[in-house]
Amino acid sequence: MTSQVSEAATEAVAPAPSSRTGRIRRFVDPIVFAIFFVLAWQGFIWVTGFHSVVLPPPSKVWGVLWNQGDFLVGNMLDTAVTIAWGFFLGGVMGFVSGVLINHFEAVKRAIHPILVSLYVIPKAVFIPLLILWWGVGFEYKLLVTVLLAFFPVTENTITGLNGVEQEMVELTRSLRGSNWFGFRKVSLPFALPFVLAGLRIALTESFIGGVLSEVLVPGSAGIGSRIVEAAAFSNTEFIIASIMVIASFGIVSYFLFLWLERRLTFWV
């Protein structure tokens, strides 16, 4: 009986599995899956005999990445400038709009229904108008990206601020705190996880906007235009390689932002 109790006590105080194993698996598992996916891709082509124009083998895609990697990355960096500025401006404008709509009832009644109607409309339908108004330069691509990044931040900011407990706000006022003090100490910390979640969505939308604006305007700078040019020559391996470069930039950006989000919301 004593030995059973001691064994149970030992199990109770035994340390949990090392978190290092979990961190390693977070990197190893995607790599293993990627290797399995590439092997399955190659095997599928061997079995079906698909022509490389329809689905090139991984070796051809790797050849494009190896031989034209600098060219692809250079064009992706051109697109990344649009993505970064669109994400920044759309995020700032979305946050400010959300705060104004939440704090001023007149602004909410006047603007929020319009924003909702614009939000549900596919953003691609605005692109012909933006081209007519701004041409096909950087301003046009920036506006498309801002348009896509703006709405998620606005809606999430409104949602976060609406969830603030009024008792806490009234408590700060009873302590003779200013509206700015209450916003900074109560409303903003509560709404911050919602705002950052909206910014995370806005980041992915910015990638969509940056590349989409280039795909619709061949000949401009950026990797989206290079994809359209490759499609004109049925250069499928170049298209897939370009998609992989876009995905790589997107994954790195997403996880960097996720790391920053966890640092800013350490109390959640």
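Residues numbered from 1 in each chain as written. Predicted model: local features only at pLDDT ≥ 70, side-chain atom pairs only at ≥ 80, totals over all residues. Heavy atoms only, no water.

1. Overview of the confidence of the model for the protein chain
The condition that has to hold: pLDDT gives the predictor's per-residue confidence on a scale running from 0 to 100. Contacts: residue pairs with any heavy atoms within 4.5 Å of one another.
Averaged over every residue, the pLDDT of the protein chain is 82; residues scoring 70 or more account for 85%. Predicted confidence is poor over residues 1–17, with pLDDT under 50, and the contacts of this stretch with residues over four places away or in other chains come to zero contacts.

2. Quick notes on the environment of Met168
The following threshold applies: The numbering of helices and of strands both runs from the N terminus, where a helix is a DSSP run of H or I of at least 4 residues and a strand a run of E of at least 2.
On the secondary structure map, Met168 appears in helix α7 (residues 166–174). Sequence separation between Met168 and Gly182 is 14 residues, and the spatial gap between their C-alpha atoms is 8.5 Å.

3. Here's the deal with the side chain of Glu237
Following the sequence through the fold, Glu237 ends up in helix α10 (residues 236–264). Filtering out sequence-adjacent residues up to four positions away, Glu237 remains in contact with Ser52, Pro56, Lys60, Val61 and Val64.

4. Quick look at the pattern of salt bridges
The condition is simple: When a carboxyl oxygen of Asp or Glu is within 4 Å of a side-chain nitrogen of Lys or Arg, the pair counts as a salt bridge. For every residue, the accessible area (1.4 Å probe, protein chains only) is compared with the maximum for its type, and the residue is labelled buried under 20%, exposed over 50%, or partly exposed between those bounds.
Scanning the entire structure with this criterion turns up three salt bridges. For Glu261, the salt bridge goes to Arg200, with nearest N and O atoms at 2.7 Å. Pair noted here: Glu261 is in helix α10 and Arg200 is in helix α8 (residues 179–215), with a separation of 61 residues, a long-range link. Looking at Glu261, the relative accessible area reads 10%, which means it is buried.

5. Quick word on the nonpolar core
What counts is decided by this rule: As used here, the term nonpolar core means buried Ala, Val, Leu, Ile, Met, Phe, Trp, Tyr and Cys residues forming a set that is joined through side-chain atoms within 4.5 Å.
In this structure, Leu72, Met76, Leu199 and Ile246 are the most contacted members of the largest nonpolar core, which totals 27 residues. Only α2 (19–48), α3 (58–103), α6 (138–162), α8, α9 (223–232) and α10 provide two or more residues apiece to this core. When neighbours within four sequence positions are excluded, Leu199 is seen to be in contact with Phe87, Gly91, Val153 and Phe257.

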